[in-house]
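# Commentary on secondary and tertiary structure
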Amino acid sequence: MTVEELLRQALGISEEIKSTEGDLRYELHQKLHRALENIRFQGGHVPAYLRDLDLELVDEEVEDVFDNMPV
């Protein structure tokens with residue numbers, strides 16, 4: 001895939017993420033993260049809003065892990 005194709009794919013995934021919850025949201029985040037890594041690997045520039053979304057989703061996942069830990 002070219003960088004442009006990967007960017008289009010990442011944009012589509014980011015739109016899907018906005019309307020999902022739970023396990024599907026996690027799966028979509030994994031796809032988004034892989035697309036962003038492939039963009040970087042190919043020397044492309046990842047837009048700030050996609051980087052920010054990736055980091056927000058990582059934070060959500062970390063919080064979910066701690067929310068489910070027994071005290």
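Scroll up to find the structure.
Cut-offs and rules
- Residues numbered from 1 in each chain as written.
- Predicted model: local features only at pLDDT ≥ 70, side-chain atom pairs only at ≥ 80, totals over all residues.
- Heavy atoms only, no water.
- Helix = DSSP H or I, 4+ residues; strand = E, 2+ residues; numbered from the N terminus.
- Contact = heavy atoms within 4.5 Å.
- Areas by Shrake-Rupley, 256 points an atom, 1.4 Å probe, with all protein chains shown as cover.
- Expected span 1.5 Å × (residues − 1).
- Buried < 20%, exposed > 50% of the residue type's maximum accessible area, 1.4 Å probe, protein only.
- Arc of directions from axis to C-beta.
- Core = buried A, V, L, I, M, F, W, Y, C linked by side-chain atoms within 4.5 Å.
- Salt bridge = Lys/Arg side-chain N within 4 Å of Asp/Glu carboxyl O.

It is worth spelling out the overall build of the chain at this point. Along the chain, the regular secondary structure elements total three helices and zero strands. Along the chain, helices (α) and strands (β) appear in the sequence α-α-α when read from the amino end. Dimensions of the chain, computed from the C-alpha atoms along their principal axes, are close to 45 × 20 × 20 Å. Pairs at least 24 apart in sequence give 58% of the contacts found in the chain among residues at least 6 apart. Split by element, the accessible area of the chain, about 5,200 Å² in all, is 54% carbon and sulfur.

End to end, helix H2 (residues 22-41) covers 29 Å across 20 residues, agreeing with the expected 28 Å (1.5 Å per residue, within 8%). Those residues of H2 lying buried are Arg 25, Leu 28, His 29, Leu 32, Ala 35, Leu 36 and Ile 39. Buried positions in H2, seen along its axis, are confined to an arc of 130 degrees and lie on one side of it. When the buried face of H2 is taken as reference, the exposed residues oriented beyond 90 degrees from it are Asp 23 and Phe 41. Taken from the residues just after H2, Gly 43 is the one with a positive phi, measuring 85 degrees.

This part is about the nonpolar core. Taken as a class, soluble globular proteins show a tendency for nonpolar side chains to be buried jointly. The biggest cluster of nonpolar side chains holds 14 residues, and the ones touching the most others in it are Ala 10, Ile 17, Leu 32, Leu 36, Ile 39 and Leu 50. Contacts of Ile 39, omitting those with residues within four sequence positions, involve Val 3, Leu 6, Leu 7, Gly 44, His 45 and Val 46.

This model, assessed by the stated rule, comprises three salt bridges. Residue Glu 15 is joined to Lys 18 by a salt bridge in which the shortest nitrogen-to-oxygen separation is 3.0 Å. Note that Glu 15 and Lys 18 are positioned in helix H1 (residues 3-18) at a spacing of three residues, about one turn of the helix. The partner of Arg 40 in a salt bridge is Glu 37, and the shortest N-O contact between them spans 2.7 Å. Here Glu 37 and Arg 40 lie together in helix H2, a separation of three residues that amounts to about one turn. Residue class for Arg 40 comes out partly exposed when judged on its relative accessible area of 34%. Taking the relative accessible area as the measure of exposure, Glu 37 reaches 37% and is therefore partly exposed.

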